[in-house]
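Below, each chain spelled out in residue letters.
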Amino acid sequence: MSTTLAEFLWLPMDTQIVLVGALCAVSCALLGVFLVLRRMSMMGDAISHAVLPGLAGAFLITVWLQGCARSIHALPPWLSSLVDIDPRSGPIMMLGAALVGVLTALFTEWIHRATNVDEGASMGVVFTILFALGLILLRRAADGVDLDPDCVLNGEIARAPLDVVRIAGIETPRAALSLSAVLALNAAFVTLFYKELKISSFDPQLATTLGINAGAMHYALMVLVAITTVMSFESVGSILVIAMLIVPPATAHLLTDRLGTMIVVSAALAVACAVGGHLAAIVVPGMLGYPGVSTSTAGMMGVVSGALFFVVMLLAPRHGVLSRALRRAGLHVNIVREDIIALLYRIDERGLPSSHRPAAPSAIRRAIRAPRWSGWLALASLRSNRWVERRGTHYHLTALGRDRAAQIVRSHRLWETYLDRHIAVPSDHLHGPAEQLEHVTTPALLDELAESVENPPRDPHGSVIPPAASRTAAPTAPDPDASPRPTPRRDVPPDNRR
Amino acid sequence: MIPDHPPAPPDFAAAAAPPPRAPLMPAQRGGAPLAALSAAATGDEHPASAPLSIHDMTVAYHRKPVLWDIDYDAPAEKLIGIVGPNGAGKSTLLKAVLNLVPKASGRVTIFGQPFARQRRRVGYVPQRESVDWNFPVSVFDVVLMGRYGRVGWCRPVSRSHRAVALDALQRVGLTDLRNRQISQLSGGQQQRVFLARALAQDASVYLMDEPFASVDAATEKAIVAVLHELRARGRTVLVVHHDLQTVPEYFDHVLLLNTRVVASGPTRDVFTIENLRRTYGGRLTLLEEAAHAMARGAQAR
């Protein structure tokens with residue numbers, strides 16, 4: 001059923017729309033990676049607005065030049081063919097846009113340098129003024145001929161299938177042809193100058209001292225952003241351009257920490273946005289109860305890119321919100337686990353009869369002051385690791401668990417000794433810092449620590465410091481009910497944690 | 001931070017007699033005769049063979065001079081400390097030499113020729129804070145960037161360049177971390193990455209901007225070892241340095257800077273309390289003077 005439904009719903013027109021959307025999205029994402037990494041994401045936004053006077057200016061100047069040329073009677077043949085060029089044709093618009101792209105970048109930097117106005121603000125000043133100027137010029141141009149402001153700014157991707165050419169018998173939208181050229185240009189730029197883009201984005205000063213002109217790379221990037229923007233405007237509209245310049249690269253940056261991978265992932269995400277956005281544009285209105293109503297496809301592609309970003313923000317393996325929370329929780333549970341076995345070790349050390357052992361689950365949780373969930377998780381994990389076993393209502397360390405616990409207690413007591421000797425922390429303030437340090441002490445650090453305090457037998461409170469791991473001969477496993485051990489030291493507070 | 005075993009105080013007699021020079025890169029041959037010619041033609045008082053000559057250089061930001069009439073010849077095959085108070089123009093001096101900031105007047109020559117023609121002979125270690133460490137590159141990628149100037153535009157990086165970068169990583173002891181993303185390193189390790197990148201440049205003159213700033217003891221030792229190795233190979237290293245106490249221990253020569261050159265020359269002659277007071281104006285505190293006296297005492301012993 002689904003295939004027939006798909007055949008029914010998916011027309012060649014849909015393929016064409018997705019093709020145009022994907023070409024545009026990938027072209028933008030390739031350049032966007034470097035905008036995002038250079039912390040100038042808003043430059044895409046600025047240039048996409050600022051190109052307007054470039055377009056209008058290029059149009060007006062072309063029309064004026066053609067007018068002048070027509071008034072000359074004896075034109076050389078190559079010139080007369082130029083006279084008949086449509087002033088709205090691609091190359092002319094691209095020229096105007098490229099010029100303004102460079103001007104935007106130049107003005108922004110100049111204002112920023114000359115006045116100490118912050119870069120974002122100077123960018124805002126430049127592009128709003130250029131945009132306003134463009135609107136005026138466009139109005140002037142529109143008086144004479146049909147250069148429609150709506151069409152320049154708000155191209156509609158859904159209209160792409162209306163303007164097609166036949167290539168090898170396949171109907172191809174004209175927009176797909178021009179955007180393929182743009183994509184080829186951008187891909188060639190990023191591939192050929194990969195190394196130069198990398199170094200001039202990461203460390204422009206070093207690049208310059210090595211003879212790789214970081215400024216030239218910057219302006220080349222701006223020119224390409226401007227050209228991409230202009231070529232996309234007419235077919236897909238400005239919103240998609242601005243979204244695709246920033247959102248897929250920002251998403252990819254959360255997923256990877258290699259530049260090459262980031263570029264490939266950005267491009268893949270851009271394609272996913274184009275496909276997903278068009279599907280959503282078909283499906284979502286129906287789901288909301290408006291069957292047959294079409295919505296803005298370009299808008300929906302932008303929305304899908306945003307949705308993808310938030311999903312990745314939550315779920316990304318290293319930088320994601322969720323995985324970070326999980327990692328934090330994991331660390332927390334590990335600390336609780338170590339606290340529990342250290343507690344049991346200290347109880348064993350005091351040799352209390354089993355009736356007096358405060359080793360019931362509730363007592364343990366109280367003693368280590370852990371939240372219920374982490375206490376439960378830690379106990380469960382300790383039991384499954386066979387570090388701790390339950391006899392009746394009480395928990396006991398296994399031989400394995402006791403070895404591990406001895407190292408934590410050793411770490412704790414060595415740190416107390418160290419703090420006492422070298423930093424002269426008052427003896428009633430030793431426990432807190434030692435409690436934190438014991439959980440982050442690696443075996444190597446522990447050895448170094450023991451050496452620096454000359455392997456003392458006892459800590460400042462008089463407790464025996466357990467021996468190092470390799471020499472741990474099954475520590476005096478006290479049988480709780482057998483001969484009671486020497487009386488507890490008087491300086492041990494009742495919380496069992498020294 | 002004081003290492004557990006402080007390196008022995010430099011032996012000045014040994015430093016004065018230059019160690020056998022390591023074979024130079026092919027690019028470095030042929031530079032000297034040309035430079036000698038040009039110096040002869042202009043009647044310049046600066047020795048044409050100096051690794052770095054600064055001629056009457058002035059640098060200004062917004063019309064306020066940061067460096068004023070700097071005239072300096074760096075001696076060859078020495079470790080040179082650039083010392084001065086905050087805002088003395090130490091970093092600016094390096095950047096002006098590298099054409100990263102415009103000079104109001106004066107000129108700079110590297111082995112007698114302008115920097116633009118000697119790029120390969122100059123290595124640069126910028127301050128650690130000058131880049132974004134979240135940038136998606138590995139340690140090895142960053143070190144490999146030191147080779148980019150030799151690779152050429154639009155060319156892939158060849159295997160021999162990779163080998164040089166790997167060797168540089170090994171010299172600073174970071175081979176095991178080569179595939180880490182650079183934000184996952186400690187500050188000291190990041191500083192060593194920059195050092196390795198400069199080593200990969202395989203230059204004759206090195207300019208280092210505060211490589212010792214807030215690094216751990218292990219990194220400090222590693223940097224000192226690399227500096228000594230560079231000197232032994234006949235390289236000249238200029239280091240912007242903040243810690244007055246370690247200056248006599250680390251550097252053969254010093255350049256005392258406070259907008260102008262206050263003094264320059266061998267450390268034992270120039271690094272005196274009078275010169276320091278002139279460099280720092282009233283800003284040299286009693287504690288710093290005491291530290292200086294201690295360092296001198298340690299050296300005398």
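In this text, all values refer to a predicted model and were calculated from it rather than measured experimentally.

Asker: Can you break down the overall build of chain A residue by residue, with the values?
Answerer: What chain A contains, in helices and strands, is 20 helices and four strands. When each of the 498 residues of chain A is scored for burial, the buried share is 46%. Restricting the contact set of chain A to residue pairs at least 6 apart, pairs at least 24 apart contribute 74%. With the model as given, the accessible surface of chain A reaches about 24600 Å², and the carbon-plus-sulfur share is 66%.

Asker: Tell me about the interface of chain B and chain A, and please be specific about residues and values.
Answerer: Each side of the interface is counted separately: chain B has 35 residues, and chain A has 27 residues. When the two sides are added together, the surface that chain B and chain A hide from each other amounts to roughly 2800 Å², 64% of it contributed by carbon and sulfur. Where chain B meets chain A, there are three salt bridges. Across the salt bridge formed by B:Asp141 and A:Lys198, the nearest N and O atoms sit 3.6 Å from each other. Here chain B and chain A share ten residue pairs in polar contact (both at pLDDT 80 or more) between them. For the side of chain B that touches chain A, the secondary-structure elements that each account for two or more residues are helix 4 (139–144), helix 5 (148–151) and helix 7 (187–201) of chain B. A per-class count over the side of chain B that touches chain A returns 18 nonpolar, ten polar and seven charged.

Asker: Requested: an account of the confidence of the model for chain B, with residues and values cited.
Answerer: Residue and element names in this part refer to chain B. Confidence in the prediction for chain B averages 82 pLDDT; 77% of positions are at 70 or higher. The low-confidence segment residues 1–43, where pLDDT is below 50, has 40 contacts with residues more than four positions distant or belonging to other chains. Interface predicted TM-score (ipTM) for the complex: 0.79; the corresponding pTM is 0.77.

Asker: Could you give an account of empty space enclosed by the protein, naming the residues involved and the relevant values?
Answerer: Tallying each qualifying case throughout the model produces three cavities of 30 Å³ or more. A volume near 80 Å³ is recorded for the largest cavity. Taken together, A:Leu210, B:Arg119, B:Arg120, B:Val122, B:Gly146, B:Gly149, B:Arg150 and B:Gln201 form the lining of the largest cavity.

Asker: Residues and numbers for the confidence of the model for chain A, please.
Answerer: Any residue range with low pLDDT should be treated as having predicted coordinates unsuitable for detailed reading. Per-residue confidence for chain A gives a mean pLDDT of 80, with 85% of residues at or over 70. Confidence drops under pLDDT 50 across residues 471–498 of chain A; counting only partners more than four residues distant or on other chains, this segment forms 41 contacts.

Asker: Kindly report on the pattern of salt bridges, identifying the contributing residues and their values.
Answerer: In the structure shown here, the tally under the stated rule is 15 salt bridges over all chains. With a shortest N-O distance of 3.4 Å, A:Arg404 and A:Glu338 are connected by a salt bridge. Remark: A:Glu338 occurs in helix 15 (residues 321–350) and A:Arg404 occurs in helix 18 (residues 399–423); sequence separation between them is 66 residues. A:Arg404 sits in the partly exposed class, given a relative accessible area of 31%. A relative accessible area of 9% places A:Glu338 in the buried class. A salt bridge links A:Arg413 to A:Asp459; the shortest N-O distance between them is 3.9 Å. Of this pair, A:Arg413 sits in helix 18 while A:Asp459 sits in the segment after helix 20 (443–452); the two residues are 46 residues apart in sequence, bridging distant segments of the chain. Taken individually, A:Arg413 and A:Asp459 each receive the classification buried, so the pair is uniform in this respect. Ionic contacts of the salt-bridge type, sharing partners, join the residues B:Asp167, B:Arg171, B:Glu229 and B:Arg233 into one network.

Asker: An account of the layout of surface pockets is needed here, citing residue identities and associated values.
Answerer: Considering only enclosed or pocket space, the largest pocket measures out at about 1500 Å³ in volume. Together, 35 residues line the largest pocket, and A:Glu109, A:His112, A:Arg113, A:Glu119 and A:Pro204 are the ones closest to its centre. If you list the elements that add at least two residues to the lining of the largest pocket, you get helix 3 (41–71), helix 5 (90–115), helix 6 (119–144), helix 9 (194–202), helix 10 (204–209) and helix 11 (214–236) of chain A together with strand 1 (52–61) of chain B. With four residues, the single largest contributor to the lining of the largest pocket is helix 11 of chain A.

Asker: Tell me what's going on with unusual backbone geometry, and back it up with residues and numbers.
Answerer: Residues and elements named next belong to chain B. The phi dihedral of Asp-69 falls on the positive side, at around 55°, and the residue is not glycine. Looking at the secondary structure, you find Asp-69 in strand 2 (residues 64–74). Overall, Asp-69 belongs to the partly exposed group, its relative accessible area being 43%. At Asp-202, a position not held by glycine, the phi torsion is positive, near 50°.

Asker: Provide a residue-level description of the sheet that holds strand 10 (residues 260–266) of chain B, including the pertinent values.
Answerer: Residue and element names in this part refer to chain B. With respect to topology, six strands assemble into an open sheet ordered 6-7-8-3-9-10, the strand pairing being mixed. The outermost strands of the open sheet, each flanked by one partner alone, are strand 6 (122–125) and strand 10. For this sheet the average axis-to-axis angle between neighbouring strands, irrespective of direction, equals 15°. One ladder, built from four bridges, connects strand 3 (residues 79–83) with strand 8 (residues 236–240); its direction is parallel. Each bridged residue has a counterpart across the sheet, and for Gly-81 the counterpart in strand 8 is Val-239. Packed onto the sheet, helix 7 meets strand 6 and strand 7 (205–209) and runs at close to 175° relative to strand 6.

About the thresholds
- Residues numbered from 1 in each chain as written.
- Chains lettered and ligands numbered in written order.
- Predicted model: local features only at pLDDT ≥ 70, side-chain atom pairs only at ≥ 80, totals over all residues.
- Heavy atoms only, no water.
- Helix = DSSP H or I, 4+ residues; strand = E, 2+ residues; numbered from the N terminus.
- Buried < 20%, exposed > 50% of the residue type's maximum accessible area, 1.4 Å probe, protein only.
- Contact = heavy atoms within 4.5 Å.
- Areas by Shrake-Rupley, 256 points an atom, 1.4 Å probe, with all protein chains shown as cover.
- Buried area = accessible area lost by both parts, 1.4 Å probe.
- Salt bridge = Lys/Arg side-chain N within 4 Å of Asp/Glu carboxyl O.
- Polar contact = N/O pair within 3.5 Å; in protein donor to acceptor, adjacent residues only side chain to side chain.
- Nonpolar A, V, L, I, M, F, W, Y, C, P; charged D, E, K, R; others polar.
- pLDDT = per-residue confidence, 0-100.
- 1 Å grid on protein atoms, 1.4 Å probe; cavity = no way out; pocket = protein on both sides within 12 Å on 5 of 7 lines; lining within 4 Å.
- Points joined across faces, edges and corners; volume = space filled by probe spheres on them.
- Pairing = 2+ DSSP bridges.
- Axes fitted to C-alpha atoms, helices over the stretch in contact; angles between N-to-C directions.

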